[in-house]
Amino acid sequence: MKPVRVLLPINAKGTTSACSDAAFGLARRFEAELEVLHPCPPPSQRLPYATELSPIYFEAYLDVSRKQVDDEEKQATAWFEKTSAKWADVESQLLTVEGLVGPAVAQRAKTADFSVLPTVAAAEDEMFDEARDAALFSSGRPVLFVPDEAGGNIGETIVIAWKDAVESARAVACAGPFLEAASLVRLVSLIEEGEEEDETALAMANYLAAACLPVELQSVRLGDRDVGDAILEEAGSGVLLVMGGYGRWRWQEWVFGGATDYVLRNTDVAVLMSH
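In this text the structure is predicted, and so the values were computed from the model without any measurement.

(A) Looking closely at the pairing of strand E7 (residues 184-191). Most of E7 sits inside the fold, with six of its eight residues counted as buried. In terms of strand pairing, strand E6 (residues 157-162) meets E7 through six bridges, oriented parallel. Looking at E7, one finds that Thr157 is bridged to Leu184. Taken together, the seven bridges between E7 and strand E8 (residues 215-221) define a ladder with parallel strand orientation.

Shown next, in the form of C-alpha cells:
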C-alpha cells in the first residue's frame, strides 16, 4: 500500500527547514496528504504548583497561560501558512491539539505512514524530545529522522543497517515505499570480532532481490569501531539509512551508550527508524 499520510510534528516556531522540506517533498512524491501537528499544552497544564496557589493567583496564572497558548497557536499558524504556500501542490493541513506532547503525537502517528522529525543534533529541546519518543516508541509506525545536512532526493540510494533482530526486519518492511523507488539498495551487515557472517543478511538480500530491488550485500568487519560509528561510516553520505531502533532496553543505551542514540546525535543523512 502506498503512503497516504505523512505526519510532521512542529512546535510554535515550526520545525527545521530540512524537516519541512523532507515532509512536504515526500508527501508530494507519494501523493499523500501531509498532516502538520502542533501539540500545545493547555493553560491548566502550565500552572506551577497550581494546588498551592490562592484563587486570585491561580486565575492570574491561568490568564497568562491562556495568552501563551493563543500566542503559540498564532505562531504555528503563521509558520504553516508561510511554509505550505511554497508547496501549494501538496495537500496539507494544520492540526493544533491542546494536550500533552507525547500522547498527542503518539495518537496521530498511529494513523500516519511515517512521522518526520529532526534528529537530536538538529533540534534538542523538550518538545521534540517528547515527540521523538512518542513517535518511535508509542505509535507502532516508523519515524524519519532528518538532520540539517539532509537534502535532495531522499531515498535514491538506501543503506540498510542489518542485524538479526526483529527491529531490523520491521524497519525493512516499513521502508517498502522508499525501497520501491530506490536506484540502489545496500544491505550492510556488521560482523563483530569472533563472529561468523550473518546468514540472515544473505537471506534478506535474496528476499529483496526476489522483489526485483537493486540490492547489494556488504558484510563488513566491525573491528575496533563502535557500532554506531561503523554504521554511519559504512553508510556514507547522500543516502537514506534504514535501521531498527533501540534493540535493547533504552536505559542501557542511556547508561552504556548505544548505536541508536549515537546515530540520532551524529548522523548527517536521513534515518528511517522503527522500534
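The discussion continues.
(B) Looking closely at the environment of Met273. Residue placement: Met273 occurs in strand E10 (residues 270-274). The buried category is assigned to Met273, whose relative accessible area is 1%. A sequence separation of 29 residues divides Met273 from Gly244, and the C-alpha atoms of the two residues are 5.4 Å apart. Residue contacts for Met273: discarding those within four places in its chain leaves Leu136, Pro142, Val143, Phe145, Met243, Gly244, Gly245, Thr260 and Leu264.

(C) Examining the pattern of salt bridges more closely. Taken as a whole and judged by the stated rule, the model has eight salt bridges. Two residues, Arg225 and Glu233, come together in a salt bridge whose shortest N-O distance is 3.5 Å. With relative accessibility at 17%, the residue Arg225 sits in the buried group. Measuring nitrogen to oxygen at the nearest pair gives 3.2 Å for the salt bridge that ties Asp261 to Arg265. Pair noted here: Asp261 and Arg265 are both in helix H10 (residues 259-266), with a separation of four residues, about one helical turn. Residue classification places Asp261 among the buried residues on the basis of a relative accessible area of 18%. A relative accessible area of 39% places Arg265 in the partly exposed class.

(D) Broad picture of the sheet that holds strand E5 (residues 143-146). Taken in spatial order, the 10 strands of this open sheet run E3-E2-E1-E4-E5-E10-E9-E6-E7-E8, and their pairing is mixed. The outermost strands of the open sheet, each flanked by one partner alone, are strand E3 (92-98) and E8. Sheet twist, expressed as the mean angle between neighbouring strand axes with direction ignored, is 25 degrees. Seen against the sheet, helix H1 (residues 17-30) touches strand E1 (5-9), strand E2 (33-40), E3, strand E4 (114-118) and E5 and runs at an angle of roughly 160 degrees to E4. Here H10 sits on the sheet in contact with E5, strand E9 (240-244) and E10, set at roughly 155 degrees to E9.

Here is what the cut-offs are and how they apply
Residues numbered from 1 in each chain as written. Predicted model: local features only at pLDDT ≥ 70, side-chain atom pairs only at ≥ 80, totals over all residues. Heavy atoms only, no water. Buried < 20%, exposed > 50% of the residue type's maximum accessible area, 1.4 Å probe, protein only. Helix = DSSP H or I, 4+ residues; strand = E, 2+ residues; numbered from the N terminus. Pairing = 2+ DSSP bridges. Contact = heavy atoms within 4.5 Å. Salt bridge = Lys/Arg side-chain N within 4 Å of Asp/Glu carboxyl O. Axes fitted to C-alpha atoms, helices over the stretch in contact; angles between N-to-C directions.

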